[in-house]
Amino acid sequence: TCNRVHRRREVKAKEKNMLAGWRKAIPIGGWSSAEAKACASTLEGAAQAGLVRAQGYIHGEWKDATDGATLSVDNPATGETVQQVAKMGARETVEAIASASDAFKTWKKRTAHERAAVLWRWHDLIHENREHLAAILTSENGKPISEARAEI
C-alpha cells in the first residue's frame with residue numbers, strides 16, 4: 001500500500017511537470033517562422049531517413065491498398081497536405097490480423113532475453129530518431145514541437 005501511494009505521487013509529479021512543459025509550448029497556429037522552418041526541415045530529414053511511409057506494413061512488406069485508394073494526411077495547424085497514404089480497408093485489415101497472428105507464433109517462442117533485446121533496440125531507434133519522430137507527430141497532429149518531443 002505504501003508503494004502504491006508513493007507511486008501515485010510520482011505519477012502525479014510527472015503529470016504536473018508535463019503539464020507545465022505543455023503550458024510553455026507554442027500554441028497551435030502560433031508558430032514562429034523559424035520553428036515552422038525547423039519542423040519542415042526535420043520532416044524532410046525524416047522522409048530521407050525512411051521514417052515516412054505511405055503504405056501499410058503487412059506480412060513483412062510495405063503494401064498499397066488493394067483498390068489503390070488513398071487518403072490525405074493534413075496538418076491541422078497549417079491546412080497543408082503532409083502525405084497521401086494508403087486507405088486500407090477490410091481486406092487489408094483481415095490480412096494484417098492474420099499476419100500478426102502468424103508472427104506471434106514465432107515471437108512467443110523467443111526467450112525473454114531475445115524479446116528484450118528486440119524491444120531495447122526499438123527503444124534505441126526511437127531515441128536516435130526523436131527529432132524526426134517529433135516532426136512527424138507535429139505535422140500530422142498540428143501540435144507544438146515541444147509537446148511532440150515530450151510525447152516521444
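A brief structural summary. (Residues numbered from 1 in each chain as written. Predicted model: local features only at pLDDT ≥ 70, side-chain atom pairs only at ≥ 80, totals over all residues. Heavy atoms only, no water.)

### Quick notes on the side chain of N75
Then step 1. Position of N75 relative to the elements: it lies in the loop between β3 (70-74) and β4 (81-86).
Then step 2. A residue is classified by how much of its surface remains accessible, and N75, at 7% relative accessible area, is buried.
Then step 3. Polar side-chain contacts of N75 include one of 3.5 Å to the backbone oxygen of S139. (Helix = DSSP H or I, 4+ residues; strand = E, 2+ residues; numbered from the N terminus. Buried < 20%, exposed > 50% of the residue type's maximum accessible area, 1.4 Å probe, protein only. Polar contact = N/O pair within 3.5 Å; in protein donor to acceptor, adjacent residues only side chain to side chain.)

### Remarks on the environment of T78
Then step 1. Within the fold, T78 resides in the loop between β3 and β4.
Then step 2. Exposure remark for T78: the relative accessible area of 41% places this residue in the partly exposed category.
Then step 3. C-alpha of T78 to C-alpha of S139: the two residues are 61 residues apart in sequence and 8.7 Å apart in space.
Then step 4. From its side chain, T78 meets the backbone nitrogen of E80 in a polar contact 3.2 Å long.

### So, the packing of aromatic side chains
Then step 1. Within the structure shown, the criterion is met by one aromatic pair.
Then step 2. Judged by centre distance (4.9 Å) and plane angle (55°), the rings of Y57 and W62 are tilted.
Then step 3. W62 gets classed as partly exposed once you look at its relative accessible area, which sits at 36%. (Phe/Tyr/Trp six-rings, centres within 6.5 Å; stacked < 30°, edge-to-face > 60°.)

### What about the pairing of β3?
Then step 1. Looking at chain direction, β3 and β4 are connected through five bridges and run antiparallel. Each residue of the ladder has a partner; that of V73, found in β4, is Q83. (Pairing = 2+ DSSP bridges.)

### Re the pattern of salt bridges
Then step 1. A full pass over the atoms with the stated rule returns six salt bridges.
Then step 2. D102 is the partner of K105 in a salt bridge, and the nearest nitrogen-oxygen pair spans 3.7 Å. Taken together, the positions of K105 and D102, both in helix α3 (residues 90-107) and three residues apart, correspond to about one turn of that helix.
Then step 3. Here D102 falls in the partly exposed class, since its relative accessible area comes to 42%.
Then step 4. Here the residues in one salt-bridge network are K143, E147 and E151, joined through shared partners. (Salt bridge = Lys/Arg side-chain N within 4 Å of Asp/Glu carboxyl O.)

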